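# Examination of the molecular architecture
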Amino acid sequence: MIRKEAGLAFWLDWVEHRGGLWEDAGDTALALLPAALASELELPEETAITADPDVAREDGALLLVTGHPVVAKAAESVLAAGDTGTLTLAAPRSMPPDAATLLSKAREHLPVDHGRLDPRADAVPERALRPVLRVGALVGYELSAEDHFQEQVEVFVDVPSRLRVPAGVSERLAHTGHDPRAQAAPPAGLAAAVHYASTSRPDLSAALAEAHRMLEAAAELRRDGLARQIGDAYAKERGRAEEYYAAAVDSLERRAATAPEDRAALLRARIESTREERARRLAEIAEKYRARHTLNPYRLHLLRVPVLRLALDVRRGERRYPLDLDWLLPAGEFAPLRCPACAHSGAQLVAAKTHLGCARCLAPKRPTPQPAPESVPPPRDGATAAVGPSAARNAEAADGAAPRSGGRAKAGRIAEASGTRAASSRPATPGHAPSPPQRRSVDPQTLHKRAFTFWEHAAGGDRRKLERMCAPDSPAAALLRLYGAAGPLYGIGVAPQERVESCSAVVFPAEGRRGWDSAGGEVRTDRGRHDYLLRWSLGPDRLIAEVLPHQSPYTMNASTMMARYRTGGTELGTRLPRTGAELDPVARLLWQRTPARHGGHLAARALASWWRLTDPRALRERYPAAILAAAAERSACYWSGVGGGGYGDAARLWQVPEAELRKAGMHLQRLLKLTQDQPW
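Here goes a summary of the coordinates provided. (Residues numbered from 1 in each chain as written. Predicted model: local features only at pLDDT ≥ 70, side-chain atom pairs only at ≥ 80, totals over all residues. Heavy atoms only, no water.)

### Side note on a nonpolar patch on the surface
Threshold: Each patch groups residues whose relative accessible area exceeds 30% and which form no salt bridge, using 9 Å between like charges and 5 Å between nonpolar side chains of Val, Leu, Ile, Met, Phe, Trp and Tyr. In this description, accessible areas are obtained by the Shrake-Rupley approach with a 1.4 Å probe, and a residue is regarded as covered only by the protein chains that are shown. In what follows, salt bridge is the name for a side-chain nitrogen of Lys or Arg lying within 4 Å of a carboxyl oxygen of Asp or Glu. For helices the rule is a DSSP run of H or I covering at least 4 residues; for strands it is a run of E covering at least 2, with both sets numbered from the N terminus onward. Summary of the burial criterion: residues with accessible area below 20% of their type's maximum are buried, those above 50% are exposed, and those between are partly exposed, where the area comes from a 1.4 Å probe applied to protein chains only.
A cluster of nonpolar side chains, contributed by Leu-21, Leu-30 and Leu-32, occupies part of the molecular surface with about 260 Å² of accessible area. One can find Leu-32 in strand β2 (residues 28-32). Overall, the relative accessible area of 36% leaves Leu-32 in the partly exposed class.

Structure representation (structure tokens):
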């Protein structure tokens, strides 16, 4: 049969989908291609094809197997179009379980501490449809300049709970047929499907963001595992380079020790240049073996799964807490359930006296352990040294003296300094980098007040006060440099003719080691409302670093994630007014092209990083302006986690040589030292 080879079978299905026909003739097949398709593939309209090399050689048929350029072109067109749609799964024909059986299964599946599951009065199981997202992507792994891999990953996410569907359940859902009676208009194309998921309902957008996070986490784990397999090659190449340069420097030093003074000066200069060349070579080797991965999404299905909805009450004495459970009919399992109080999963439900929660959010708070007092060496004059406030009070009481606050504070500071020295001198665990310090948030009331003050100065046109509130060399400062006091307003989409009337503010304190203190809300004008998000810097001054067109950090993260799924990996275009500021050629190119591709806030990041360079003229003398602008935009995209962060994508967008772009990008990274915490 002609369809035994996977690549050829795929190509035949694709031709049929594009309006062509084919006829099986045993070892060969005759494909009839439409004129447009034949022109696209550069093939005759009547083409004999086969997967057998002997038949192709004897009969003159076209050999089509996996890897052939024609098959690869078909695969690229399918991936570019995307596999999107809305499917209503068919319910099984067998009788569903009755209410008593479902209640028994629910009690077995979901035990509740201090409570019991009971059916709600006069409630019977109802049929409903539960949305589940099926997201698929191709992950490309680049482990070195020679080692490249590509794998297919897929994840099923329950939309209401935003939890991953177990593997057994997702496999059964994938093999369940759809209901032909259901009427659902699928979105046309991947970009339209993502836009539908992000704007139709907030829970779809959150579930899509969670699916992307799961795919990213799985890809990073797989990438790190693959990178460890080639760690020996990196160590060997680095060792050879270090050995070579060490021998070269040693030879030059021995020659310089016995050479005349004029010759020794030349040799010392060669030693310095050799060391610089060594540093460049080691950086090139590290970049060569730096593991990367890219996600190329191709599938987005919104599955409507038929369920039996069981209305229950969690009882604790006379108290009742409502809880609905969905029995997935095609899978024969309950849908995932989040804690109704803290929105976490994986912990047992607990019926408290005031509400329903889980063992994680209702766990008793443990008292904070008091640190053991550090010993302080006695002073040289032999006086007794106190180790803390209590010791100071005891010493003063023993001497019959009244306690003095200054002595207590000084003793406390001595003990604290000793503890700090002891902690800093403690050796780190071998093989593990020390964790970054936990970020501390500013008082929310202070951030709330600063947000209102910031927009008051922006509406009043007070540039000097805004500059004092913004961090230097930041995207917020870049907006001020471009437009003056109106820069922050233009950055969130306010038109020049609009007049600011009021604003709202909600504070989002920093969470974790990579969190940012931020405040978001709306700026209301005489023509509409505009979302904003202010982010504060991490320094002691806590100045405003960014002005973003989002209402909260969560909508910003969802928008950043969905930028990867849009066509070309870019966000929706942003139109900004013309600027009267004087711009060098690189900055002018960035401001002309980047906002339309990635948004004004990412263009501000790219400009902030470019303006942070101490000597940009030296770079402009070495590289063309278009290559530098492409490198700055690519770095901003890469470290911001949005689409278009690859050298190949940037080279195609800017139409510049990829090799030159890589060289300029590495040069910029050495100067700027960008990170995920500092993407500008």
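### Examining the nonpolar core
Our working rule: Buried Ala, Val, Leu, Ile, Met, Phe, Trp, Tyr and Cys residues form a nonpolar core when they are joined through side-chain atoms within 4.5 Å. Here, two residues are considered to be in contact whenever any of their heavy atoms come within 4.5 Å of each other.
Core analysis: the largest hydrophobic core is formed by 64 residues, its most contacted members being Phe-454, Trp-455, Leu-534 and Trp-610. Broken down by element, this core gets its largest block of residues, 8 residues, from helix α21 (residues 625-640). Sequence-distant contacts of Phe-454, that is, excluding residues within four places in its chain, are made with Leu-466, Met-469, Cys-470, Pro-488, Leu-534, Ile-544 and Val-547. Core analysis: the next-biggest nonpolar cluster, separate from the first, contains 27 residues, Val-135, Ala-137, Tyr-141 and Leu-143 among them.

### A short note on empty space enclosed by the protein
This is how the line gets drawn: A pocket, in this scheme, is an open set of points on a 1 Å grid over the protein atoms alone with protein on both sides within 12 Å along at least 5 of 7 lines, while a cavity is a set where a 1.4 Å probe fits but cannot get out; residues line either one if an atom lies within 4 Å of a point. Grid points are joined across faces, edges and corners, and a volume is the space filled by probe spheres set on the points. Following the grouping adopted for this structure description, the nonpolar residues are Ala, Val, Leu, Ile, Met, Phe, Trp, Tyr, Cys and Pro, the charged ones are Asp, Glu, Lys and Arg, and the polar ones are all others, Gly among them.
For the structure on display, the rule yields 2 cavities of 30 Å³ or more. What the second largest cavity holds in volume is close to 30 Å³. Pro-475, Ala-476, Leu-479, Glu-546, Val-547, Gly-600, His-601 and Ala-604 together form the lining of the second largest cavity. Taken together, the elements giving at least two residues each to the lining of the second largest cavity come down to α15 (475-483), β20 (544-548) and α19 (600-611). Counted by class, the lining of the second largest cavity contains 5 nonpolar, 2 polar and 1 charged residues.

### With respect to the side chain of Arg-292
Put simply, the test is: Contacts described as polar in this section are N or O atom pairs within 3.5 Å, which, within protein, must combine one atom able to donate a hydrogen with one able to accept it, while residues neighboring in sequence count only if both atoms come from side chains.
Its location among the elements puts Arg-292 in strand β11 (residues 292-316). For Arg-292, the side chain forms a polar contact with the side chain of Glu-287, separated by 2.3 Å. Separated by 3.3 Å, the side chain of Arg-292 and the backbone oxygen of Arg-290 make a polar contact.

### Considerations on the packing of α15 against α19
Basically, it comes down to this: Here, axes are lines fitted to C-alpha atoms. For helices the fit covers the stretch in contact, and angles between N-to-C directions go from 0 to 180 degrees. Orientation is classified from the angle alone, with under 35 degrees giving roughly parallel, over 145 giving roughly antiparallel, 65 to 115 giving roughly perpendicular, and any other angle giving oblique.
One can describe the packing of α15 onto α19 by two numbers: an axis separation of 8 Å at closest approach and a directional angle of 90 degrees. Judged by the angle between their axes, α15 and α19 are roughly perpendicular. Contacts between α15 and α19 pair Pro-475, Ala-478, Leu-479, Arg-481 and Leu-482 from the former with Ala-604, Arg-605, Leu-607, Ala-608 and Trp-611 from the latter. Each residue belonging to the contact of α15 with α19 can be placed in one class, and the counts come to 8 nonpolar, no polar and 2 charged.

### Overview of the pairing of strand β1 (residues 21-24)
What counts is decided by this rule: At least two DSSP bridges between two strands are needed for those strands to be called paired.
When β1 meets β2, the two strands line up antiparallel, connected through 4 bridges. Note on β2: the bridge partner recorded for Asp-24 is Ala-29.

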